[in-house]
Amino acid sequence: MIIAVTCSLVLLLVLIVCARILVIQKKTIKALRKQNAEFITLCDLIQAPIWFKDSDLKLTWVNQFYALMFDKDRSYFVGLTDRDIAPKKLVEGYVRDDMYVLESKNVYRYRENEKAGLWFESVKFPLVGEDGNSYGVGGIAFNVTAIKKSENMLHKLVHSDYLTGIPNRLSLSVEGAKYLSESDAAGQKLAFILVDIKNFLSVNKMHGHVVGDEILKITAERIKNALSDFAAFVGRFSGDQFLVMLKNCNDAEVIDNAVTSIQNEIGNQYQIFGGAFAVSVSVGISIFPEHGMDYETLIRNADVALLAAKRSFDQNVMTYSEVMGMGTNKRVLIENKLSGAVARGEFYLYYQPKVCEETKRIKGIEALIRWNSPDFGKLMPNDFIPIAEDSDVIVTISDWVLKTALEQNLSWKEKFGEMYPMAVNLSRRQISKPDFLTKIVNLLEELNYPPKFLEMELRETVLSHADVRILKDFGHLREMGVKISVDDFGTGLINITNLKTFPLDCIKIDKCFISNISKSQEKQQIVDAIISLAKTFKLSLIAEGVETGIELDYLKQSGIADIQGFYFAEPLNVEAMTDYIEHKKNSGESN
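Since this is a predicted model, take the numbers as computed values, not measurements.

Tallying secondary structure elements over the protein gives 22 helices and 21 strands in all. By residue count, 45% of the 591 residues in the protein fall in the buried class. In the protein, the proportion of contacts linking residues at least 24 apart, taken out of those at least 6 apart, comes to 62%. Accessible surface for the protein amounts to roughly 30800 Å². Of this, 53% is attributable to carbon and sulfur atoms.

Shown next, in the form of structure tokens:
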């Protein structure tokens, strides 16, 4: 009897436990179903394809967006592989990527042109169980078509001349480097031919810019036609000048024939708006490697030859010679004088404020160097910085600028009780030095200068050549609070990847895109593209070189509030900048 009762109690206890377990399981299952439903809802709300695969790389689930891309129900994809649905040319790559993620357990990112002109940036990630083993692969593809189109449009606008449609000066410099490298490797001469339209300014004054623009467009087309049978690259170098880079010039007749072809083509009358115009050109030539080994030297020497041709009474075509280049002695003299200019105290700084258009408050100040040379007089940066950048002299100069600017900012803080971010320009050679970061950190500590009030401005070319060490250095500076800006944006080699990988805070739109922007659709398109990129990468914007109220109004309508330019203030010496700050402070427009 006792045994029977005991068994009954045990059985009852087991039933109770089982019932309890069932209740817990039901609650767990209900919770999991709820979480799964929430997860599916979230994934379906995301306007990007999302998918999951098992260890055999068969699809186990896709979101609604993925299914709609193929115009199928999501259940259609379960059990399928990429071999069943992807283009054949892409399958092997997809499988290879999936196997890498599955085996390495690493996340993998890549960008591709999927189909129908759409660009996707895909992220594949491992599905890892509690035992630490991968049981599948997941993925999501973000539509980056808008960014890619902005990148392509910006590249086209920046590398093509807005008037003639042929490559512009920037594109010429890029292709010039390639042509030089190829010619050097092939042991071939390369001719740089500068073509200048004679009396173009007089035509503009007499007949107006509309006729002048037509002459430029026709001339560009005729030079291209004249060189159709030659290995040549043609671009607009400046206002009324065109540059031709002519390959395979070991035979001097190649250059003669090309120039003659250009002269004959341009010699035919121009029919413009019912009128006939006679156009002629002056030509200056330099040849690699005889007259220079790099692009800048060859351009400079071609320009020297062109000037000689324009001055000549009977020669329309001149080839560079050493006699013509006697003027380059000035460059050598500048190089020699630069080396001791810092020690002699010949440099001084001007300062230009950056102003918020809405509040009229000072947002920051940029330090701008000048050189008061006993030998050459007062020189602007363009007269000596390019020369200094060819040697370590630029490092000495840059170090002086940085220290002097920061000391001056501290002086203003002592006088006015507040500080403004001080912007200084850095050179590529300066940041390439291994001790760059150490010198900056030591200077900030030496001056007890707050890093958040230092802004470093870099040109796009610096970003393009940044290695891992440079990226780490600027990453460290940014963590300290230093602001980092890309200067003259749009004038260098546009690479959207730089905006993603380099630790940046701000884009400065170059003044060449701001000048007369209300009258230029091309400039408006470029600025709009830059604004779009800044928004995409969460970067602030400042417009340089704003000189008129019309330019300011357009920028304001485009959402750009921070301005630098003559409209608010030209570059000022220390005394004038001090007065400017004091005026702002007294008027309630200080920081």
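This next bit is on helix α8 (residues 209-226). Note on helix geometry: an α-helix contains 3.6 residues per turn, so any two residues three or four positions apart are oriented the same way. The end-to-end C-alpha distance of α8 is 25 Å, a good match for the 26 Å that 18 residues give at a rise of 1.5 Å each. All of the buried residues in α8 are V211, G212, I215, L216, T219, A220, R222, I223 and A226.

Next up on the list: the packing of helix α7 (residues 200-207) against α8. For the pair α7 and α8, interaxial distance at closest approach is 7 Å and the crossing angle is 140°. One element, α7, and the other, α8, form an angle in the oblique class. Of the residues in α8, those touching α7 at F200, V203, N204 and H207 are H209, V211, G212, I215 and L216. When grouped by side-chain class, the residues that make up the contact of α7 with α8 number five nonpolar, four polar and no charged.

We now examine the pattern of salt bridges. All told, the structure shown has 29 salt bridges when counted by the stated rule. E346 is the salt-bridge partner of R344, the closest N and O atoms lying 2.6 Å from each other. Since its relative accessible area comes to 44%, R344 is described here as partly exposed. One salt bridge connects E357 with K360, and the closest N-O pair in it is separated by 3.8 Å. Here K360 falls in the partly exposed class, since its relative accessible area comes to 28%.

One finds L338 and F474 to be the most contacted residues of the largest nonpolar core, which totals 86 residues. In this structure, L338 is in contact with F347, W371, F384, I387, A388, V393 and I397, ignoring residues within four places of it in sequence. Counting 32 residues, the second-largest nonpolar core is a separate cluster that includes V244, L246, V279 and V281.

Let us now look at the pairing of strand β18 (residues 483-489). Across the seven residues that make up β18, a large majority, five, are buried. With five bridges connecting them, strand β17 (residues 454-459) and β18 associate as parallel partners. Residue pairing in the sheet places M456 in a bridge with I484 of β18. For β18 and strand β19 (residues 506-509), the ladder comprises three bridges, and the chain directions are parallel. Across the sheet, the residue bridging to F489 is I509, located in β19.

It is worth spelling out the sheet that holds strand β6 (residues 190-197) at this point. If you walk across this open sheet you meet the five strands as β7-β8-β6-β11-β12, and the pairing is mixed. A strand with exactly one partner marks an edge of an open sheet, and here the two such strands are β7 (232-238) and β12 (317-319). Going across the sheet, the axis of each strand differs from the next one's by a mean of 20°, ignoring polarity. Pairing analysis gives eight bridges linking β6 to strand β11 (residues 281-288), with the strands arranged antiparallel.

By the definition in use, this model includes 20 aromatic pairs. Relative to F568, the ring of Y567 lies with its centre 5.2 Å away and its plane at 90°, an arrangement referred to as edge-to-face. Y567 sits in the partly exposed class, given a relative accessible area of 39%. Put simply, the rings of W51, Y66, F70, Y76 and F77 pair up and form one aromatic cluster. Here R169 stacks its cationic end above the ring of F237, 4.0 Å away from the centre of that ring. Between R370 and the ring centre of Y350, over which it is positioned, the NZ or CZ distance is 5.3 Å.

Put simply, F288 and P289 share a cis peptide bond, and its omega is 5°. Position of P289 relative to the elements: it lies in the loop between β11 and α10 (295-311). A positive phi angle is found at L57, which is not glycine, with a value near 65°. Mapping L57 onto the fold places it in the loop between β1 (50-54) and β2 (59-62). Backbone geometry places N248, a non-glycine residue, at a positive phi of 55°.

Looking now at the pairing of β17. Where burial is concerned, most of β17 is hidden: five out of the six residues are buried. With four bridges joining them, strand β16 (residues 422-425) and β17 adopt parallel strand pairing. Its bridge partner lying in β17, M422 is registered against L454.

How each quantity is defined
- Residues numbered from 1 in each chain as written.
- Predicted model: local features only at pLDDT ≥ 70, side-chain atom pairs only at ≥ 80, totals over all residues.
- Heavy atoms only, no water.
- Helix = DSSP H or I, 4+ residues; strand = E, 2+ residues; numbered from the N terminus.
- Buried < 20%, exposed > 50% of the residue type's maximum accessible area, 1.4 Å probe, protein only.
- Contact = heavy atoms within 4.5 Å.
- Areas by Shrake-Rupley, 256 points an atom, 1.4 Å probe, with all protein chains shown as cover.
- Expected span 1.5 Å × (residues − 1).
- Axes fitted to C-alpha atoms, helices over the stretch in contact; angles between N-to-C directions.
- Parallel < 35°, antiparallel > 145°, perpendicular 65-115°, else oblique.
- Nonpolar A, V, L, I, M, F, W, Y, C, P; charged D, E, K, R; others polar.
- Salt bridge = Lys/Arg side-chain N within 4 Å of Asp/Glu carboxyl O.
- Core = buried A, V, L, I, M, F, W, Y, C linked by side-chain atoms within 4.5 Å.
- Pairing = 2+ DSSP bridges.
- Phe/Tyr/Trp six-rings, centres within 6.5 Å; stacked < 30°, edge-to-face > 60°.
- Lys NZ or Arg CZ within 6 Å of the ring centre and 35° of its normal.

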